[in-house]
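Here is what each chain is made of, one letter per residue.
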Amino acid sequence: MKQPTLLNWIELSQAAFRQNISSLSALAGGRTLAICVKANAYGHGLPEVTRMLINRPEVDYVTVHSLDEALVVRESGWAKPVMVLGPISPSSLEAVVEHDLEPMILDRHSLTLLGKLSEKNKCSVKTHLKLETGTNRQGLTENDLPAVASVYRKYPGLGRPHGAAMHFANIEDTTSHEYAESQLKTFRRLVRRMSALKIKPRLLHAACSAALILFDKTRLDLVRPGIAAYGHWPSKETYLSYRLQGGSNDLFKPVLNWRARVTQLKHVPANSFIGYGCTYRTTSPAKLAVLPVGYADGYDRKLSNLAYVLIKGRRAPVRGRICMNLMMVDVTDIKGVRLGEEVTLLGRDGDETLTAEQLAAWAGSINYEILARLSPLIPRLLS
Ligand SMILES: *Cc1c(COP(=O)(O)O)cnc(C)c1O
């Protein structure tokens, strides 16, 4: 059967991904490197990214949010450790044993159930304790630790915790790192308490991308970067702080280009309204291109009348509201645009680049959200 022409697709640059992983590996400096692939690998496509990671010997672990993601990672052929950062339903904990996953322990009840499963299956389970240090999201407090320690003592299959983890609340949003310092201090105190309770963890870990890039002392034994692996800086503050420290500009390269094809072209006279709500009206005759992309694909509706796309290396402004599956752009001044012409919604075309950071600024969000919301239904191609 003839391969159908794609109208809306995402290209992943393997060369850029290799470069980012190699930069992260250099920053990790021999520590265990765990790459975060939650949220469909930050929108890049979980099976595709997992397969790229299988070819990167520098990567020791992947981290995911959910059990479902862990199963996709295993199905895609990843045989090394998988850490599950988010909650797992008590009735699904059997899968942890079956697929050899390393859950983050967020409550004592799940730990007890895992202890029972280790007893029943005569196996060991590697666990990571999430410690509450000031993000007040997931995490065990100092008061929880004695009871947790007694669970470890009761079930030999649990051994001692494989890891103890914390997550920074305020590391990418600011150039002041007092709060991060105070969190690290709390973390160290809780880890000392764990040792006193005879549940000394093997691996300590705290560092997301921003922490890994900027702060030696957060690197500990294992690092857990996400966004940087895909070639994006966690924030402008992180980028500027890094550059002020004398860091190079070519550490990370965006992996993803989002493209589509023009599916319709039309000439409209002056004074024509465009799209729902009649929010745009032409002041002169215009040539419009209709694109088969809308907010259902993850192209934020807040970009209506605000963003542009790239066609033939030039900017074509969005006209009218973004629809569920369609959008209109103005190509009046771009010569020779034809039906089926390639369009770049995110990424590079010739001299022009349209970044996730730019789309985020227009949409009042952050690069993480722009990427994470790219529809999993869009085909992902390796380039
Ligand atoms: C998402 C996440 C990370 C990775 O964060 P980045 O900012 O993308 O590097 C690390 N640790 C935890 C617990 C996370 O939830």
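In the block above lies the structure referred to throughout.
These lines cover the structure that appears in this document, whether it is placed above or below. Since we're looking at a predicted model, the values are computed, not measured.

1. Digging into a positive patch on the surface
Right, on to step 1. Together, Lys126, Arg160, Lys200 and Arg202 make up a positively charged patch on the protein surface.
Right, on to step 2. With respect to the secondary-structure elements, Lys126 resides in the loop between helix H6 (108-120) and strand E6 (128-130).
Right, on to step 3. Looking at Lys126, the relative accessible area reads 44%, which means it is partly exposed.

2. Quick notes on the pattern of salt bridges
Right, on to step 1. With the rule as written, the count across this model stands at 13 salt bridges.
Right, on to step 2. Taking the shortest distance from any N to any O, the salt bridge between Lys312 and Glu341 comes out at 3.2 Å. Highlighted residues: Lys312 in the loop between strand E15 (308-311) and strand E16 (314-319) and Glu341 in the loop between strand E17 (327-330) and strand E18 (342-349), separated in sequence by 29 residues.
Right, on to step 3. The salt bridge involving Arg319 is made with Asp330; its shortest N-O contact spans 3.5 Å. Residue Arg319 is located in strand E16, and its partner Asp330 is located in strand E17; the two are separated by 11 residues in the primary sequence.

3. So, the sheet that holds E6
Right, on to step 1. Around the barrel, eight strands lie side by side as E2-E3-E4-E5-E6-E7-E8-E9; this closed barrel has parallel pairing.
Right, on to step 2. Where helix H4 (residues 67-75) meets the sheet, it contacts strand E3 (61-64) and strand E4 (82-84), and its direction lies at approximately 170° from that of E4.

4. Looking at the packing of helix H1 (residues 14-28) against helix H3 (residues 46-54)
Right, on to step 1. Running from amino to carboxyl end, H1 crosses H3 at an angle of 60°, the nearest separation of the two axes being 11 Å. Relative to H3, the element H1 is oriented oblique. By crossing handedness, the relation of H1 to H3 is classed as right-handed. Between H1 and H3, the residues in contact are Gln14, Phe17 and Ile21 and Val49, Met52 and Leu53, respectively.
Right, on to step 2. Across the contact of H1 with H3, the residue classes break down as five nonpolar, one polar and no charged.

5. Topic: helix H7 (residues 145-154)
Right, on to step 1. If you check which residues of H7 are buried, you get Leu145, Val148, Ala149, Val151 and Tyr152. Seen from one end, H7 has its buried residues packed into an arc of 155°, which puts them on one side. With respect to the buried face of H7, the exposed residues turned more than 90 degrees away are Arg153 and Lys154.

6. Some thoughts on unusual backbone geometry
Right, on to step 1. Phi angles above zero are rare outside glycine, and Lys198 is one such case at about 65°.
Right, on to step 2. Checked against the element boundaries, Lys198 lands in the loop between helix H8 (178-196) and strand E8 (203-207).
Right, on to step 3. Unusually for a residue other than glycine, Leu220 sits at a positive phi of about 50°.
Right, on to step 4. Among the structural elements, Leu220 can be located in the loop between helix H9 (209-214) and strand E9 (222-223).

7. Focus: the packing of H6 against H7
Right, on to step 1. Where H6 meets H7, the axes come as close as 10 Å, and the angle between the chain directions of the two elements is 5°. By the angle class used here, H6 and H7 are roughly parallel. Facing Arg108, Leu111 and Thr112 of H6, the residues of H7 in contact are Ala147, Val148, Val151 and Tyr152.
Right, on to step 2. Within the contact of H6 with H7, the residues separate by chemical class into five nonpolar, one polar and one charged.

8. Points about the nonpolar core
Right, on to step 1. Counting residues in hydrophobic clusters, the biggest one holds 123 residues, and the most contacted among them are Val37 and Tyr299.
Right, on to step 2. Two domains each donate at least three residues to this core, and these are domain 1 (14-244) and domain 2 (256-382).
Right, on to step 3. Grouped together as the second largest cluster of nonpolar side chains are seven residues, Val268, Leu288, Cys323 and Met328 included.

9. Description of the pairing of strand E10 (residues 256-261)
Right, on to step 1. In terms of burial, E10 is largely enclosed, as five of its six residues are buried.
Right, on to step 2. The pairing of strand E1 (residues 8-12) with E10 spans five bridges and is antiparallel. Bridge assignment links Ile10 to a residue of E10, and that residue is Trp258.
Right, on to step 3. Judged from the four bridges that link them, E10 and E18 form a sheet pairing that is antiparallel. Counterpart to Ala260 in the pairing with E18 is Val343.

10. Structural notes on the site of the ligand
Right, on to step 1. Close to the ligand lie 14 residues, the nearest being Lys38, Tyr42, Ser209, Gly226 and Tyr368.
Right, on to step 2. Arg224 is positioned with one of its side-chain polar atoms (N or O) 3.0 Å from a nitrogen atom of the ligand.
Right, on to step 3. Coverage of the ligand by the protein amounts to 93% of the 390 Å² it exposes when considered alone.
Right, on to step 4. When the residues that make up the shell around the ligand are grouped by side-chain class, the tally is seven nonpolar, three polar and four charged.

11. With respect to helix H10 (residues 236-244)
Right, on to step 1. Here H10 has its buried residues at Thr238, Ser241 and Tyr242. For H10, the angular spread of buried residues about the axis comes to 100°, placing them on one side. What points out from H10, more than 90 degrees from its buried face, is the exposed set Lys236 and Leu244.
Right, on to step 2. Tucked into the core, H10 has its buried residues touching H9.

Rules used in this analysis
Residues numbered from 1 in each chain as written. Predicted model: local features only at pLDDT ≥ 70, side-chain atom pairs only at ≥ 80, totals over all residues. Heavy atoms only, no water. Patch = residues over 30% accessible without salt bridge, like charges linked within 9 Å, V, L, I, M, F, W, Y side chains within 5 Å. Areas by Shrake-Rupley, 256 points an atom, 1.4 Å probe, with all protein chains shown as cover. Salt bridge = Lys/Arg side-chain N within 4 Å of Asp/Glu carboxyl O. Lys, Arg positive; Asp, Glu negative; His and termini not counted. Charge placed at Lys NZ, Arg CZ, Asp CG, Glu CD. Helix = DSSP H or I, 4+ residues; strand = E, 2+ residues; numbered from the N terminus. Buried < 20%, exposed > 50% of the residue type's maximum accessible area, 1.4 Å probe, protein only. Pairing = 2+ DSSP bridges. Contact = heavy atoms within 4.5 Å. Axes fitted to C-alpha atoms, helices over the stretch in contact; angles between N-to-C directions. Parallel < 35°, antiparallel > 145°, perpendicular 65-115°, else oblique. Left-handed = near helix turned anticlockwise from the far one by under 90°. Nonpolar A, V, L, I, M, F, W, Y, C, P; charged D, E, K, R; others polar. Arc of directions from axis to C-beta. Core = buried A, V, L, I, M, F, W, Y, C linked by side-chain atoms within 4.5 Å. Domains from an automatic or database assignment. Near = heavy atom within 4 Å. Polar contact = N/O pair within 3.5 Å; in protein donor to acceptor, adjacent residues only side chain to side chain.

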